[in-house]
Amino acid sequence: MAQLFFRYGAMSSGKSIEILKVAHNYEVQGRKIALMTSGLDDRSGVGVVASRIGMHRDATPIDDQMNLFDYVKQNSKQDEKDGAGKIACVLIDEAQFLKKHHVLECAKIVDELQIPVMAFGLKNDFQNHLFEGSENLLIYADKIEEMKTICRYCGHKATMNLRINDGKPIYEGEQVQIGGDESYYPVCRFHYYHPNELRK
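A few points on the structure. Everything quoted here is computed from the prediction, not taken from an experiment.

### Notes on the packing of aromatic side chains
Here is step 1: Applying the stated rule across the entire model yields 5 aromatic pairs.
Here is step 2: A centroid spacing of 6.2 Å and a plane angle of 75° characterise the contact between Tyr153 and Tyr185, whose relative ring orientation is edge-to-face. Separated by 32 residues along the polypeptide, Tyr153 in the loop between β8 (143–146) and β9 (160–165) and Tyr185 in strand β11 (residues 184–187) bring together distant segments of the chain.
Here is step 3: We classify Tyr153 as partly exposed; its relative accessible area is 25%.
Here is step 4: Judged by relative accessible area, which is 13%, Tyr185 ranks as buried.
Here is step 5: Measuring from ring centre to ring centre gives 5.3 Å for Tyr171 and Tyr192, while their planes differ by 80°; the resulting arrangement is edge-to-face. Of this pair, Tyr171 sits in the loop between β10 (168–170) and β11 while Tyr192 sits in helix α5 (residues 189–193), and the two are 21 residues apart along the sequence.
Here is step 6: By the ring-pair criterion, three or more aromatic residues cluster together here, those being Tyr171, Tyr192 and Tyr193.
Here is step 7: Sitting over the ring of Phe69, Lys108 keeps its end group 4.4 Å from the ring centre.

Definitions and limits used
- Residues numbered from 1 in each chain as written.
- Predicted model: local features only at pLDDT ≥ 70, side-chain atom pairs only at ≥ 80, totals over all residues.
- Heavy atoms only, no water.
- Phe/Tyr/Trp six-rings, centres within 6.5 Å; stacked < 30°, edge-to-face > 60°.
- Helix = DSSP H or I, 4+ residues; strand = E, 2+ residues; numbered from the N terminus.
- Buried < 20%, exposed > 50% of the residue type's maximum accessible area, 1.4 Å probe, protein only.
- Lys NZ or Arg CZ within 6 Å of the ring centre and 35° of its normal.

Here is the structure:
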């Protein structure tokens, strides 16, 4: 039975490399996938899923107005003989940037088309507020899994994303500011509030 999956983690938890691995595993078996990512993330170019270890591949960019259900339905034509045209899985990177209607469309893909959807993204922003996409995935997903990484400062589990500018922590500003390792550190709760201090 198809399900809606949400796999979340702090920055540098391996979300993009995991989605590329899942895509590879499906394609090695000759199964068609729909690989998608937010059109907001242009660090490696619009419509590119890229991991920090250098792997990348093209994906369909998602904009605010896009209807994911219509896109997947149109691109998943069942071949009468061998089913080669049917999409076996929808994979979405940077899912925190989805709008609520996107998440509802993902649920509709699962429920009406019986195609699994796996969404990967951050849960909370640099101020520890939920992103719109993440909030709705936490509500509507059938399965939720945390992808773990460690705090930049102490090695404990990182649960938060610390925004950095010129080496200094930033706690105010716009929710969306595209950046990588130069702009965000994965941190534990203690070091979110006390960067560079030793834990007692």
